[in-house]
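# Inside the fold
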Amino acid sequence: YESISSLKQVRTYILERKIIPFFQPIVDVHTEQIIKYEALARIKDGDIIITPDRFLKSAERLGMICDITKDMIIKSFEIFANSDMKFSINLTQKDILDKNLLDFIKNNAVFYNINLSNVTFEILENLTLSEDDTKIKNMISALKQNGCKIAIDDFGSENSNFSRLLSLQSDYIKIDGLFIKNCDKEIEKQKIIKAIVELSKALGMKCVAEFVSSKEIFDTIKSLGVDYAQGYYFGKPDIYTNQKYSN
């Protein structure tokens, strides 16, 4: 869909609120039951669904990333209004530095009757490598004080260290997909996964494996002690239809 490369087109999509959440299930490794969903941004233009790799960079150039996040929050809250479903939403550094974000989340949680203890915000661990370190920590503390959970996404992809994990007060570590892909065949990747699992347990955090695309990969991460799995083996991102996964 070529015209998506146009900044003007992306701007129009965002202003017309064409951003919609697709949801990918996250499954308890032991029960294989869905325990939550991750909300992933898509653009819906008629029958065409456009994935983030086609619009996020343009949105960043336009300075409209926070608009996308707020639309994702509103639409996810609306879908799960008055329910106890757990779900997660991604936040960027710009979102976390938006001084209005916390009130925006709290006000919409009241409006849609969302218990914020059911909401996890996923962030990248390299957030604290900026000069805005204190502001970021303060925002994360405020989110936690309001009941929200924090997940560190793509753990292991950057200069991962223990102190940053602790300073971000995370509840979940999401292992970078690079280590999960083909981990059933690669012993070195299994060693890294095992080390991250042991680290998460020592810090009282739960561990999530993304990109679980086959039974072989699932069996491998299960044997290594990972708590939760996410990937095509359990479900592709899709519009939420309130159907429980059954094996």
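Before reading on, note that the structure itself is shown above.
The sections below set out a description of the structure shown in this document.

A count of helical and extended segments in the chain gives 10 helices and nine strands. A compact globule built from 247 residues should have a C-alpha radius of gyration of about 18 Å, and the chain, at 18 Å, falls within 12% of that. Along the first, second and third principal axes, the C-alpha set of the chain runs to 45 × 40 × 35 Å. Within the chain, contacts between residues separated by at least 24 positions form 67% of all contacts whose residues are at least 6 apart in sequence. Accessible area of the chain: about 12,300 Å², with a carbon and sulfur share of 50%. Computing the positive centroid from 33 side-chain charges and the negative centroid from 35, the chain places the two 2 Å apart.

Further remarks concern the environment of Ile105. If you trace the backbone, Ile105 turns up in helix α5 (residues 101–111). With relative accessibility at 0%, the residue Ile105 sits in the buried group. Through-space distance from the C-alpha of Ile105 to that of Ser157 is 29 Å; in sequence the pair is 52 residues apart. Excluding anything up to four places from it in sequence, Ile105 contacts Ile73, Phe77, Leu116, Phe121 and Leu143.

What follows deals with the environment of Lys189. Looking at the secondary structure, you find Lys189 in helix α9 (residues 187–202). In this structure the C-alpha to C-alpha distance between Lys189 and Gly46, which are 143 residues apart in sequence, comes to 41 Å. Once you skip the residues sitting within four places of it in the chain, Lys189 turns out to touch Leu178, Phe179, Lys181, Asn182 and Cys183.

So, on to α5. Leu101, Leu102, Phe104, Ile105, Asn108 and Ala109 are the residues of α5 that are buried. Axial view of α5: buried residues confined to an arc of 165 degrees, hence all on one face. Among the exposed residues of α5, those pointing more than 90 degrees away from its buried face are Asn107, Val110 and Phe111. On its buried face, α5 is in contact with α3 (65–79), α4 (93–96), β5 (119–124) and α6 (133–145). Directly after α5, the chain includes Asn113, whose backbone phi takes a positive value near 55 degrees.

Conventions and cut-offs
Residues numbered from 1 in each chain as written. Predicted model: local features only at pLDDT ≥ 70, side-chain atom pairs only at ≥ 80, totals over all residues. Heavy atoms only, no water. Helix = DSSP H or I, 4+ residues; strand = E, 2+ residues; numbered from the N terminus. Rg over C-alpha atoms; globule rule 2.2 N^0.38 Å. Contact = heavy atoms within 4.5 Å. Areas by Shrake-Rupley, 256 points an atom, 1.4 Å probe, with all protein chains shown as cover. Lys, Arg positive; Asp, Glu negative; His and termini not counted. Charge placed at Lys NZ, Arg CZ, Asp CG, Glu CD. Buried < 20%, exposed > 50% of the residue type's maximum accessible area, 1.4 Å probe, protein only. Arc of directions from axis to C-beta.

Coordinates in, geometry out; function isn't part of it.
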